[in-house]
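# Coordinate inspection notes
The primary structure of each chain is shown beneath.
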Amino acid sequence: MVKTNVKFKISIYVGVLLLIVVFGVAFLQISASQAFVPSTDKEVIGEGIVVIRSLDNSQIKLINQVDGYSVILPAELQVVDTSSTDIRIVLEDKHRVLEIYKQPIYSGISANVYISYSNRFLQNAVDHKMEYFAKVDINGYPAVIHQWSRKKLSKVENDKNYYACIDIIEKDYVYTFFIKSDVPFYITGGYMNLLDSFSTFAPSANPTSLKIKQTENSLWDTETKAFYEKYFSSDSDLTWGIFEYSAPETFGILDSLENKLDYNFEFLLVYKSIQKTYPTNYVKDTLERAYDRGRTVELTLQTTSQDAGEGNMVYDILDGKYDSFLKSFAAETAEFGHSVLFRFCNEMNGDWCEYSGYHTSRDPHLFKELYKYVYRIFEEAKADNVIWVWNPNEKSFPNFKWNSEIMYYPGDEYVDIVGLTGYNNGTYYQGETWRSFTEIYDPLYQRMASISEKPLMITEFSSSSIGGNKEEWVKNMFANIYKYPKIKVAIWWNGCDWDTQGNIARPYFINETEGLVDIFRQNLQHYKKPVK
């Protein structure tokens, strides 16, 4: 009798699911077959973005003259973001967010590589549930569909954890329709009806780029306001800092180095990692040791890899599992009471960082939620001595529009300084090329200075000595860095990268040769500040 009831219940359950599927398919077919009859209502949403409403106001025709495509969509989807049409546009309704990208296919990167590389996060089956995959034809274009979900995150308001990504291939481009929903897609009527009318044409408008505005941080105490004015105002001179792995825990190595260079670095780069339990005085001792020697810390906090089966730490943080650590970290930083440059999860547009969208549902918005969540924890701790540094990498890896650095920008009110990071990695690894300082920083500075009213700093940089003349590289650096007046602080990364066999792959040492020491010593004299 029990077995019969179970079978009966299962049959009912399967039947209901089939009805949902049939209803969903019918809905899509009805939506797709509904002819679009345009009204005279034409609205220019942003430069090159036009919306035409249907006569019965049930649909809109979205025309993107920047990227050259049009598509008919349900009228409830409203265009909400055209600030970066060089990257994407964004539409929303009650449950969904739709982001649309036009990705050029570069030399050596095929459409298939773009699609497969972008979706590698799905290999993390702990956090991501693959629900549907298909290769289809959309209005004559080949397309690839991925649909997946993840758990809802308790610290993200109205978290949209159901995803579908449709990549439409058209000659030298892939048009990506990235859809998120806070409810399963069958409730919203699916997503294929969003694409049946998709077509392309020649672009006819110029793109817009996001602008980073200068804002005043009203939370700062008097000391931090004065510190910011001293080092980061428009007329502040360039100041140098250094990463030396043992400082400020000990100063023996750094003291010896500074004696040779006849220069004291005012900023010290320090790395900390988010952990399950908070070590006693994890931050406070470090900050106080640096302060006692007249140094300011660029305090970098990053997530780390978790054990197999635990998934990505980003999801756990946004589910509240690391609140105790983060609150203690923020409290100790606040208790220190003196100015701190705080750099949270830097180089987020690099696939080597587990907080990158490359690892978290192809969704950089989750990084922004992570950043703002940690910001609020510091705010609650009354950390009025913290200056926030947002710091993408010079290049995005992968170099796809959805992974563009600006996709990770959390907003003007959460950022005080824009950090720059660009290395001459040398040629140890296949495919790497030797690049001069100006080859790296001319385009990087031009790009960031053109969009940012906020001051800039080089949060870390260096040159390898493998593949070229490092001494000439440093001479070129000193001869040209003055051309970047918005850069107020530059921090040399003094160390090395190791390969998997334990060999030094990238020697970044500041004192690698006597000639190198001489070049630094001679040039750093110009940056010495008078003793008061």
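See above for the structure.
This structure is a prediction, so every number in the text was calculated from the model and none was measured.

## Section: the overall build of the protein
Along its length, the protein carries 12 helices and 22 strands. Seen along its three principal axes, the alpha-carbon backbone of the protein occupies a region of about 80 × 65 × 50 Å. Burial statistics for the protein: of 532 residues in total, 55% are counted as buried. When contacts within the protein are restricted to residue pairs at least 6 apart in sequence, long-range pairs at least 24 apart make up 69% of them. A total accessible area of about 23,700 Å² is found for the protein, and carbon and sulfur atoms account for 53% of it.

## Details of the nonpolar core
Counting residues in each nonpolar core, the largest one holds 109 residues, and the members touching the most others are Trp 240 and Trp 390. Sort the elements by how many residues they give to this core and helix H9 (residues 365-380) lands first, with nine residues. Counting 29 residues, the second-largest nonpolar core is a separate cluster that includes Val 71, Leu 73, Ile 100 and Ile 166.

## What to know about empty space enclosed by the protein
Within this structure, the stated rule accounts for one cavity of 30 Å³ or more. Reported here for the largest cavity is a volume of approximately 30 Å³. Surrounding the largest cavity, Glu 99, Tyr 101, Thr 176, Phe 178, Arg 362, Pro 364 and Trp 402 form its lining. Along the lines of polarity and charge, the residues of the lining of the largest cavity split into four nonpolar, one polar and two charged.

## Topic: the environment of Ser 273
Checked against the element boundaries, Ser 273 lands in strand E14 (residues 267-273). When sequence neighbours within four positions are dropped, the list of residues in contact with Ser 273 reads Tyr 282, Leu 301, Gln 302, Thr 304 and Phe 325.

## Topic: the sheet that holds strand E9 (residues 141-149)
On the basis of which strands lie adjacent, the open sheet formed by seven strands has the order E5-E6-E7-E11-E10-E9-E8 and antiparallel pairing. On the outer flanks of this sheet lie strand E5 (78-81) and strand E8 (129-138), each paired with one strand and no other. Here the average twist between neighbouring strands, direction ignored, is 20 degrees. Here five bridges tie strand E6 (residues 88-92) to strand E7 (residues 96-104), and the two strands are oriented antiparallel to one another. Looking across to E7, one finds that Leu 91 is bridged to Leu 98. The strands touched by helix H2 (residues 111-118) within the sheet are E7, E9, strand E10 (162-170) and strand E11 (173-181), with E10 carrying the most contacts at an inclination of about 170 degrees.

## Quick word on unusual backbone geometry
Cis peptide bonds are those with omega within 30 degrees of zero, and the linkage from Ala 247 to Pro 248 qualifies with 5 degrees. In this fold, Pro 248 is placed in the loop between strand E13 (239-244) and helix H5 (252-261). A cis amide bond links Phe 397 with the next residue in sequence, Pro 398, at an omega value of -5 degrees. When you line up the elements, Pro 398 lands in the loop between strand E17 (386-390) and strand E18 (417-421). Located in the positive-phi region is Cys 345, a residue other than glycine, with phi close to 50 degrees. You can see Cys 345 is positioned in the loop between strand E16 (340-344) and H9. The phi angle at Arg 362 is positive, at roughly 55 degrees, despite the residue not being glycine. Turning to its location among the elements, Arg 362 is positioned in the loop between E16 and H9.

## Examining the pairing of E13
For a regular strand, the rule is simple: side chains alternate between the two faces of the sheet. Burial of E13 is extensive: six of the six residues sit out of reach of the surface. Going residue by residue along E13, you find Thr 239, Gly 241 and Phe 243 tucked away on one face and Trp 240, Ile 242 and Glu 244 tucked away on the opposite face as well. In this sheet, strand E20 (residues 487-494) lies alongside E13 in parallel orientation, the contact comprising six bridges. Within E20, the position partnered with Gly 241 by the bridge is Ile 491. Two strands pair when backbone bridges link them, and E13 and E14 are joined in this way by two bridges, in the parallel orientation. By the bridge assignment, Ile 242 is partnered in E14 with Leu 268.

## Details of the layout of surface pockets
Roughly 890 Å³ of internal volume is contained in the largest pocket. Along the wall of the largest pocket there are 29 residues; nearest its centre are Glu 347, Trp 352, Asn 393, Asn 425 and Arg 506. Grouping the amino acids of the lining of the largest pocket by side-chain chemistry returns eight nonpolar, 12 polar and nine charged.

## Focus on the pattern of salt bridges
One side chain can pair with another of opposite charge once the charged atoms of both are near each other. Under the definition given, this model contains 29 salt bridges. One salt bridge connects Asp 319 with Lys 151, and the closest N-O pair in it is separated by 3.7 Å. In this pair, Asp 319 is assigned in the loop between helix H7 (313-317) and helix H8 (323-336) and Lys 151 in the loop between E9 and E10, connecting sequence segments 168 residues apart. For Glu 432, the salt bridge identified is with Arg 506, shortest N-O distance 2.3 Å. Taken together, the positions of Glu 432 in the loop between E18 and helix H10 (437-451) and Arg 506 in strand E22 (residues 504-507) put the pair 74 residues apart, joining distant regions of the chain. The structure contains a network of salt bridges with shared partners spanning Lys 151, Asp 316, Asp 319 and Lys 321.

## Remarks on the environment of Ser 116
With respect to the helices and strands, the residue Ser 116 is situated in helix H2. A relative accessible area of 43% places Ser 116 in the partly exposed class. Along the chain, Ser 116 and Val 144 lie 28 residues apart, while their C-alpha atoms are 9.9 Å from each other. A distance of 3.3 Å separates a polar side-chain atom of Ser 116 from the backbone oxygen of Val 113.

Procedures and definitions
- Residues numbered from 1 in each chain as written.
- Predicted model: local features only at pLDDT ≥ 70, side-chain atom pairs only at ≥ 80, totals over all residues.
- Heavy atoms only, no water.
- Helix = DSSP H or I, 4+ residues; strand = E, 2+ residues; numbered from the N terminus.
- Buried < 20%, exposed > 50% of the residue type's maximum accessible area, 1.4 Å probe, protein only.
- Contact = heavy atoms within 4.5 Å.
- Areas by Shrake-Rupley, 256 points an atom, 1.4 Å probe, with all protein chains shown as cover.
- Core = buried A, V, L, I, M, F, W, Y, C linked by side-chain atoms within 4.5 Å.
- 1 Å grid on protein atoms, 1.4 Å probe; cavity = no way out; pocket = protein on both sides within 12 Å on 5 of 7 lines; lining within 4 Å.
- Points joined across faces, edges and corners; volume = space filled by probe spheres on them.
- Nonpolar A, V, L, I, M, F, W, Y, C, P; charged D, E, K, R; others polar.
- Pairing = 2+ DSSP bridges.
- Axes fitted to C-alpha atoms, helices over the stretch in contact; angles between N-to-C directions.
- Salt bridge = Lys/Arg side-chain N within 4 Å of Asp/Glu carboxyl O.
- Polar contact = N/O pair within 3.5 Å; in protein donor to acceptor, adjacent residues only side chain to side chain.

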